[in-house]
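Observations on chain architecture
Each chain, letter by letter, is given below.
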Amino acid sequence: MRSRIILLMAATADGKIARNRDHFPDWTGPADKRMFKALTLQSGVVIMGSRTFDSIGRPLPARHHVVMTRYPGRRPLLEGVYFTDDPPEQIAAGLYRQGYGQAVLAGGAVANTLFAQAGLIDEIVLTVSPRIFGSGLGLFNASLDLELALEDCHLLDTNTVYLKYRVLSG
Ligand SMILES: NC(=O)c1ccc[n+]([C@@H]2O[C@H](COP(=O)([O-])OP(=O)(O)OC[C@H]3O[C@@H](n4cnc5c(N)ncnc54)[C@H](OP(=O)(O)O)[C@@H]3O)[C@@H](O)[C@H]2O)c1
């Protein structure tokens, strides 16, 4: 048994999640931020790559964090944060044993790709902001072949689209 994994990402209209790996995600707008807060509080746990965690700079209140790093031993002890080099299967199984029925996977491209390659993403929630970066990081950073079914699509505010997909295979 394992936790259900929901990938939650904000993208530009040209499918970018950041201009580069150090780009702070301050361009997504208040409606996206409210949605991120609500869904992560509901799940209680957020999985992310170490670069994303470092770009946020601190743990998010009232949420458990699983931060993927190849060097967990180099990280300081932080309340509410588990730095790990466990593979995605082990992370999802471990969270289930701790009582988390679902977990939010919150990027970046490296962490998303590790979970997608393991076939562990069950749902993708994507918000699309009216921006174009032209180049930068995509949702994933390797070749993949996921088939999705669109389950919901609405406006979060006048400018931001909410898309919810179920992952069928891949
Ligand atoms: N738009 C959005 O919704 C959104 C969401 C999240 C992030 N972002 C942006 O995305 C960017 C960061 O994304 P990213 O793809 O560069 O990095 P990332 O996925 O956040 O983290 C990458 C890190 O994961 C660790 N890692 C790599 N392979 C691993 C493995 N096999 N096991 C465990 N850990 C492993 C490495 O850290 P170590 O060097 O510590 O080993 C690597 O540097 C930032 O600009 C951020 O703001 C945007």
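Residues numbered from 1 in each chain as written. Predicted model: local features only at pLDDT ≥ 70, side-chain atom pairs only at ≥ 80, totals over all residues. Heavy atoms only, no water.

1. Looking at the packing of aromatic side chains
Put simply, the rule reads: Aromatic pairs are defined between Phe, Tyr and Trp rings, using the six-membered ring for Trp, whenever the two ring centres lie within 6.5 Å; interplanar angles under 30 degrees are classed as stacked, those over 60 as edge-to-face, and all others as tilted. Comment: elements are numbered from the N terminus, with helices defined as DSSP H or I runs of at least four residues and strands as E runs of at least two. Only protein chains enter the accessibility calculation, which uses a 1.4 Å probe; a residue whose area is less than 20% of its type maximum is buried, one above 50% is exposed, and one in between is partly exposed.
Following the criterion strictly, the structure yields two aromatic pairs and no others. With a centroid separation of 5.1 Å and 75 degrees between ring planes, the pair formed by W27 and F133 is classed as edge-to-face. One end of the pair, W27, is in the loop between strand 1 (4-12) and helix 1 (30-43); the other, F133, is in the loop between strand 6 (123-129) and strand 7 (147-155), with 106 residues separating them in the sequence. You'll find W27 and F133 in the same group, each marked buried. Ring geometry for F53 and F83: centres 5.6 Å apart, planes at 85 degrees, overall edge-to-face. Of this pair, F53 sits in helix 2 (residues 50-56) while F83 sits in strand 4 (residues 81-84), and the two are 30 residues apart along the sequence. Take F53: its relative accessible area is 5%, and that puts it in the buried class.

2. Focus: the sheet that holds strand 6
Cut-off, in case you're wondering: Two strands pair under a simple rule: DSSP has to find at least two bridges between them. Between N-to-C directions, angles span 0 to 180 degrees; the directions come from axes that are lines fitted to C-alpha atoms, helices contributing only their stretch in contact. Any two residues having at least one pair of non-hydrogen atoms within 4.5 Å are treated as being in contact.
Strand order in the open sheet formed by eight strands is 4-3-2-5-1-6-8-7, with mixed pairing between adjacent strands. Lying at the two open borders of the sheet, with one neighbouring strand each, are strand 4 and strand 7. For this sheet, the mean inter-axis angle between neighbouring strands, taken without regard to orientation, is 20 degrees. As defined by bridge partners, strand 6 adjoins strand 8 (residues 161-169) across six bridges and the pair is classed as antiparallel. Counterpart to T127 in the pairing with strand 8 is Y162. Across the sheet, helix 3 (residues 88-97) is in contact with strand 1, strand 2 (45-49), strand 3 (64-68), strand 4 and strand 5 (102-105); its angle to strand 3 comes to roughly 165 degrees.

3. Side note on the site of the ligand
Here is the rule: Being near a molecule or strand, for a residue, comes down to having at least one heavy atom within 4 Å of it. Within 3.5 Å is the distance limit for a polar contact, defined as a pair of N or O atoms, with the added protein rule that one can donate a hydrogen and the other accept it, and that residues adjacent in sequence qualify only through two side-chain atoms. Surface accessibility in these figures is a Shrake-Rupley result with a 1.4 Å probe; residues are shielded only by whichever protein chains are displayed. In this classification, Asp, Glu, Lys and Arg are treated as charged, Ala, Val, Leu, Ile, Met, Phe, Trp, Tyr, Cys and Pro as nonpolar, and every other residue, Gly included, as polar.
Taken together, 27 residues surround the ligand, and among them H23, R51, T52, T69 and R70 come closest. Separating an oxygen atom of the ligand from a backbone N or O atom of N20 is a distance of 3.1 Å. Contacts to the ligand include A109, whose backbone N or O atom sits 2.9 Å from an oxygen atom. In the complex, the protein chains occlude 87% of the 940 Å² of accessible area that the ligand would expose alone. Of all the secondary structure elements, the ones that give two or more residues to the shell around the ligand are strand 1, helix 2 and helix 4 (109-117). Each residue belonging to the shell around the ligand can be placed in one class, and the counts come to 14 nonpolar, nine polar and four charged.

4. Describing the side chain of S3
Take S3: it is sitting in the segment before strand 1. A distance of 3.2 Å separates a polar atom in the side chain of S3 from the backbone nitrogen of Y96. If we ignore the near neighbours within four places in the chain, the residues touching S3 are A92, L95, Y96, Y100, G101, Q102, A103 and D122.

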